[in-house]
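Each chain is listed here by its residues.
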Amino acid sequence: MKNYNEWSQMAAALSLKTQAYIDGGYCAAADGATLDTINPATEQVIASVASCSDADVELAVVAARRSFASGSWSHRAPADRKRVLLRFADLIEQHSEELALLDTLDMGKPIADSLGFDLPSTVETFRWSAESIDKLYGEIAPTGDKALALIQREPIGVVAAIVPWNYPLMMASWKLAPALAAGNSVILKPSEKSPLSALRLAELATVAGVPDGVFNVLPGYGHTVGKALALHPDVDVIAFTGSTAVAGQLMQYAGQSNMKRVWLEAGGKSPSIIFADCKDLEAAAATSASAIFSNQGEVCIATSRLYVEESIREPFMKLLLQEAAKFVPGDPLDPATNMGPLVDRQQLDRVRAYVASGVEEGASLLMGGETASTPGNGYYLPPTIFDQTHETMKIVREEIFGPVLAVDSFSSWQEAIDKANNSDFGLGASVWTSSLNKAHRSSRALEAGMVWVNGWAGGDSSTPFGGVKQSGNGRDKSLHALEKFSELKMTWIALDGLD
Ligand code: NAD
C-alpha cells in the first residue's frame, strides 16, 4: 500500500474524466452545464463535471436502444459476453489504485477501505456475474403430451442504474455486472457527489470490448438526469440504490410513464441484539462499533440501533466505548485512517441536527456529538453514542446515515424482537447468542432481508443482498440479481399426434 505522500502525489497527477459517456465516447452536456464535485476532506473543488439533463438523457436512451436492438450485445452468446466482462474485471483490477483514489477523493472514505474493500468487491462482482451467465439453463414445463412448453430468460432492454455515493463504484457494479451479463444496455447515473470513478469506468468498458451504446454514463443531479431517466418511455428498468424517499418517487415516475420495472435498494435502520448468552462479548463490542462507525456510518446496513440484554449491559457498554474510541477521524488519504469526513456539508449538518434532536428528546449522550478534533478543514464528526434511547425518538426511528448509534436494553427475547421490528425499515439485523435455537427463532421472527448471527454484514457474491418493508424490493448479488434484469418468456408449442 502506498504511503500518505505517495497517495497525495498520485492524486495531484490524476487526469480526470469529467464528461458524460454516450455511445462509446465522452461528450459535454448538450447545454454545456457543469457541476462541481468537492473533496470533503479539504472542502476544495476537485473538478467541474458535466451536469446532464433531458437532451443528454435522450441521446443516451437512443444509443442504448439502438445497441440493444442491433443485437451486438443482447444477442451475443453468453460465453462471449462472459469473456468481455472478465476482461472488464481484469481492467478494473489493474486500475484499482486509481479508481479507489477517485472514490476516496470524491466522498471521503479511507483509502485503506476503498482499495482494500470496495475495489476487490467490485472486481469480484463482475467476475461472478460473468461466470454465471453461461451456466444458466432454461426450463421445460411439465405439460401433457400435446405440447412442449419452453421457459426462457431474455434480456429486458434499456436499464437505467441510479446509484448513491457511499460505495460509488461498488454499488454501481452490483447493478452493472448482472445487467450487462444478462444482455441489457445500461445507462449509469452516478451520484452528483461521486461521479468520477463511474466516468473513468466507462472507457475501461469500451477497452474491454463492450460495444458502443451498451454502457453509458450520465453524471448530473437526481432531479434532472435521474428523474428524466425514470420518466422516459423507452427505459425498461430502473435499478436504484439510495434513499427511501427517492425510491418512492421512482415508483410514481414509473406509474406515470411506461410501468417500467423498478428495483429498489433503499434505506435502513438495522438493529443488533446482544443476548446475555453471547459467548464473545469482546467480538460483539468490536463488531458493533465497526458496524456503525466504519465508512463514517454512511452504510445502508449499519446497525444503528443496538439492543443489549439488561444483565450484561454494564460490561458490554464498557467494551463498546473502548472499541468506539478506536475510530478516529483523519485524512482519508492516510492509509492508517479508519474514519474519514462525511460526504458533504449538507450531510454533516443533517447528522448534527439528529445529534441535537437526540439530546433534546432526552437520550443520554455517552460520547461524540458536536466536534471532531481534526486539524484543518473537512466535514468530520467523531463516533457518537446515545444511551437510554426510546422507540419514539427520531434518532431511533429515522435513518441518520452517519456515525451515530442509539442504544437501548431489553429483558426478554420477545421484548428484543418487538423493539427490533418496530421500524419502517427492514434491511439487515444482527443477533449475538450462543444458542442455536435462539438464533434460528430470532432469524425467523426478525423483519429483515438479511440476518447475521454472531457477526455483521456477512455475505459474498453468492448471497442475495436487499431488504423488506421500506428498505426496498428485489435483490442485488447472487443469481437472484439476474431476475431483475431479465424477463421470463414462455413458448407453448402445440404438438399434433403422429398417425
Ligand atoms: P439519494 O436517494 O439522495 O440519491 C441516490 C441517487 O438517486 C443519486 O444518484 C441521486 O442523484 C438520485 N436521485 C435523487 N433524486 C432523484 C429523483 N427525484 N429522481 C431520480 N433520481 C434521483 O441517496 P444518497 O444520499 O445518494 O444515498 C444514501 C441512501 O442510500 C441511504 O438512504 C442509504 O441507506 C441508501 N443505500 C441503500 C443501499 C441498499 O442496498 N439498500 C446501499 C447503499 C445506500
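Attention here is on the structure that accompanies the text. (Residues numbered from 1 in each chain as written. Predicted model: local features only at pLDDT ≥ 70, side-chain atom pairs only at ≥ 80, totals over all residues. Heavy atoms only, no water.)

## Re unusual backbone geometry
The condition that has to hold: Here a strand is any run of E in DSSP of at least two residues, a helix any run of H or I of at least four, and the numbering for each starts at the N terminus. The rule is simple: take the accessible area with a 1.4 Å probe, protein chains only, and divide by the maximum for that residue type; under 20% is buried, over 50% is exposed, in between is partly exposed.
At Asn295, a position not held by glycine, the phi torsion is positive, near 50°. Residue position: Asn295 is located in the loop between helix H10 (281-293) and strand E13 (305-309). Asn295 sits in the buried class, given a relative accessible area of 3%. Even without a glycine there, the phi angle at Asn454 is positive, about 55°. If you trace the backbone, Asn454 turns up in the loop between strand E19 (450-453) and strand E20 (468-469).

## Topic: the sheet that holds strand E14 (residues 364-367)
To keep things clear, this is the line we draw: Strands were regarded as paired on the criterion that DSSP finds at least two bridges between them. Every axis in this analysis is a line fitted to C-alpha atoms, fitted for helices over the stretch in contact. Angles between the N-to-C directions lie between 0 and 180 degrees. Whether two residues touch is decided by their heavy atoms; if any such pair falls within 4.5 Å, the residues are in contact.
Taking strand neighbours across the sheet as the criterion, the seven strands line up as E14-E15-E16-E13-E12-E18-E19 in an open arrangement whose pairing is mixed. Whereas interior strands pair on both sides, the edge strands pair on one side only; in this sheet they are E14 and E19. Across the sheet, the mean angle separating the axes of adjacent strands is 20° when strand polarity is ignored. Across three bridges, the pairing between strand E12 (residues 271-274) and strand E18 (residues 428-432) is parallel. Opposite Ser272, over in E18, you have Ser430 as the bridge partner. Packing against the sheet, H10 makes contact with E12, E13, strand E15 (384-387), strand E16 (404-410) and E18, and its axis sits at approximately 140° to E16. Together, E14, E15 and E16 form the strand contacts of helix H12 (residues 345-360), whose direction differs from that of E15 by roughly 25°.

## Structural notes on the pairing of E12
What counts, and what does not: Seen with the strands pointing away from the viewer, any crossover whose path from the first strand over the helix to the second strand runs clockwise is right-handed.
The two faces of E12 match: Pro271 and Ile273 on one face and Ser272 and Ile274 on the other face are all buried. Sheet topology note: the E12/E13 ladder contains four bridges and is parallel. Paired with Ile273 across the two strands is Tyr307, which belongs to E13. Handedness of the crossover is the feature at issue here: the chain leaves E12, passes through H10, returns alongside E13, and the resulting connection is right-handed.

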